Every structure is written in C-alpha cells, then in structure tokens.
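Examination of the molecular architecture
One letter stands for each residue in the lines below.
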Amino acid sequence: GRPIFNEMLSLVEKGCANGILAWHPDRLARNSVDGGRVIYLTDTGKLTTLKFPTFWFDATPQGKFMLNIAFGQSKYYIDNLSENVKRGQRQKVRRGEFSGVAPSGYLNDLIAHTIIPDPERFPLIKNMYELYATGNYTLKDLTKTFVSRKGNVIAISVVQGILTNPLYYGVFEYKGELHQGVHEPAISKELFDKVQLVIKERSRPQKRHERIFPYLALSKSADCGASIPAEQKIKKSGNEYTKYRCTKKKQSCSQKYISDT
C-alpha cells in the first residue's frame, strides 16, 4: 500500500537502503509525485538499484529515460481507468440506476447491479413515514418501528436519515443533483413533502410563554418586608398554578406560601 511505499522511499532518502525490488515500475508510480520521487533519488545517487522480474533498468541516461516512459504509461493507465469508471457511472445515472450500498429497506441486486425492495423491511419504511407525518411521534419513537438487517434497533440518526432521503420516493442524488430512478419507490412524493414540513416545524426554536405578574414588584411580606416572587408550577394533572413565597433574605419570616388555586 501507499504507507509502505512512503516508508520505503524514506529509508532510501535517509541512506538506510539504496535499492528497491518490485514486480513492475507501475507498482512504484501510480501518480506523478511518486514517479518524480523515484527519479529524483536515482538522479541524486541515493537509489542505485531497481530490480523488476519483467523490466530492465540501470542507472544510466538510457535507463532513466525508459523508467520515465514506464511511469508515464502507468499514469496513463490509471487516468484512463478512472475516466472509464466515471463514464460508466454517468451512464448508470442516465439509466436511472442507483449504485452503491442499498439503503435501509432495499437490497443490492448483484446481477442487475441495482437495488430492489427488501421483503421484510420495505413496508416498514412507509409505515415510518406515515407515523411521523401525523406529528404524534418523535424520532426516538420511530426507532422501535424498524430493525436493522442484523436484528438491532436503529439509532435516531438513522431514522432521521431515512426520513430525509429522497430515494424513498423514487429519485436519488448524484453530484448534488436529483435524478429519476428506476427502482420501486417506498412512498409518494406527497408523503415525503409532508414529513419534511413536520421536520421543519419541529426544528424551529420554541418560544417561551411566560406569565406576566404586573403587581409583583409591589408585593412585600407583612412580617419581614422582603419581596415576594412568583413561581409557575405544574400539578400532576397538568394544570398550571402560581405559587407566592417570601424570599426570607432579610430575616426569618413566619409567612407561609400561598397559591392562586
């Protein structure tokens, strides 16, 4: 791998070694930087020996020239391979085929090289969307409605990822753009949009509604003269009430608290 290659060249640069044994020059130069380092070490005399079973090299102008040609061919092969992979990916996108690891609710079809519904979990995706669209369920509640392929309860972050993934209504993202897919959608676009509205509404900061007590600043304890603050309390039944109690900051006060209930 690259870490081993870098360590090998570092040993040559430090003078701990002066030769390299490899299968072919293309193993030493997958990019222009690596090839340049090898050529530079041969020019400075730190690298005097390169041995390959299928390639001949000696530290002469002709040998360095042939090595440069081999490195150039290796770089061309890598660049061409990369372009072919990108071209194949673009063709799949134009055909509407999603590539990569299948998301929750789908399985990878290794023959057709696309995704197909997971018979066990595909219906659970729609159920999850329908529950959250009602506004009566939290992300934590929905973790109990879906089980991973390994049989584990999914995390809240996974639920959030499912609820915001447009792939479930039939499109997929590629390089920042949405493309129509040929896979079977789990939900409708309308249901997806409804869920996004619920998510957006819940992400807004909640405003605190505080009660105003207009005469609170005038309230003093008849016993010690300290101010009497008001506290909002909630009963077990869910009803709110206000509790007034002396701060007792000046001296001990015999006055008990009173409430508006």
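Summary of the structure given here. In this text the structure is predicted, and so the values were computed from the model without any measurement. (Residues numbered from 1 in each chain as written. Predicted model: local features only at pLDDT ≥ 70, side-chain atom pairs only at ≥ 80, totals over all residues. Heavy atoms only, no water.)

Description of the pairing of strand S4 (residues 114-117)
Pairing of strand S3 (residues 106-109) with S4 involves 4 bridges; the strand directions are antiparallel. Paired with Tyr106 across the two strands is Pro117, which belongs to S4. What sits between the antiparallel neighbours S3 and S4 is a turn of 4 residues, in which His113 has the positive phi angle 55°. (Pairing = 2+ DSSP bridges. Helix = DSSP H or I, 4+ residues; strand = E, 2+ residues; numbered from the N terminus.)

Things to note about helix H4 (residues 122-133)
Given a rise of 1.5 Å per residue, 12 residues ought to cover 16 Å, and the 18 Å separating the end C-alpha atoms of H4 matches this to within 8%. Buried within H4 are the following residues: Phe122, Ile125, Met128, Tyr129, Leu131, Tyr132 and Ala133. Close packing links the buried residues of H4 with S3, S4, helix H5 (139-142), helix H6 (156-163) and helix H7 (189-203). Gly135 sits one or two positions beyond H4 and adopts a positive phi of about 80°. (Expected span 1.5 Å × (residues − 1). Buried < 20%, exposed > 50% of the residue type's maximum accessible area, 1.4 Å probe, protein only. Contact = heavy atoms within 4.5 Å.)

Thoughts on the nonpolar core
Membership of the largest hydrophobic core comes to 32 residues, with the highest contact counts inside it found for Tyr106, Met128, Tyr129, Tyr132, Leu163, Tyr168 and Ile187. Among the elements of the structure, H4, H5, H6, strand S5 (171-174) and H7 are those that each provide at least two residues to this core. Counting residues per element, this core draws most heavily on H4, which supplies 7 residues. Beyond its immediate stretch of four places on either side in the chain, Tyr129 contacts Ile162, Leu163, Thr164, Asn165, Tyr168, Ile187, Leu191, Phe192 and Val195. Grouped together as the second largest cluster of nonpolar side chains are 18 residues, Phe5, Ile20, Leu41 and Leu67 included. (Core = buried A, V, L, I, M, F, W, Y, C linked by side-chain atoms within 4.5 Å.)

Quick word on a nonpolar patch on the surface
A cluster of nonpolar side chains, namely Phe65, Met66 and Ile69, defines an oily patch on the protein surface of about 270 Å² accessible area. As for its position among the elements, Phe65 is in helix H3 (residues 61-94). Classification of Phe65 by relative accessible area gives exposed; the value is 53%. (Patch = residues over 30% accessible without salt bridge, like charges linked within 9 Å, V, L, I, M, F, W, Y side chains within 5 Å. Areas by Shrake-Rupley, 256 points an atom, 1.4 Å probe, with all protein chains shown as cover. Salt bridge = Lys/Arg side-chain N within 4 Å of Asp/Glu carboxyl O.)

Here's the deal with the packing of aromatic side chains
In this structure the tally under the stated criterion is 6 aromatic pairs. With 4.9 Å between their ring centres and 50° between their planes, Tyr169 and Phe192 make a pair best called tilted. One end of the pair, Tyr169, is in the loop between H6 and S5; the other, Phe192, is in helix H7, and 23 residues separate them in sequence. Among the aromatic side chains, those forming a connected cluster through ring pairs are Tyr106, Phe122, Tyr129, Tyr168, Tyr169 and Phe192. Above the ring of Tyr169, the side-chain terminus of Lys189 is found at 5.3 Å from the ring centroid. (Phe/Tyr/Trp six-rings, centres within 6.5 Å; stacked < 30°, edge-to-face > 60°. Lys NZ or Arg CZ within 6 Å of the ring centre and 35° of its normal.)

Details of the pattern of salt bridges
Oppositely charged side chains can pair when the atoms bearing their charge come close. Enumeration according to the criterion identifies 5 salt bridges in this entry. Across the pair Glu83 and Arg90 runs a salt bridge whose closest N-O atoms are separated by 3.2 Å. With a closest N to O distance of 3.6 Å, Arg121 and Glu120 form a salt bridge. For Glu120, a relative accessible area of 60% puts it in the exposed group. One connected set of salt bridges, linked through shared partners, spans Asp118, Glu120 and Arg121.

Things to note about unusual backbone geometry
The backbone of His113 shows a phi angle near 55°, a positive value even though the residue is not glycine. Among the structural elements, His113 can be located in the loop between S3 and S4. The exposed category is assigned to His113, whose relative accessible area is 52%. Of note in the backbone geometry, Lys175 takes a positive phi value of approximately 55° without being a glycine. As for its position among the elements, Lys175 is in the loop between S5 and strand S6 (177-180).

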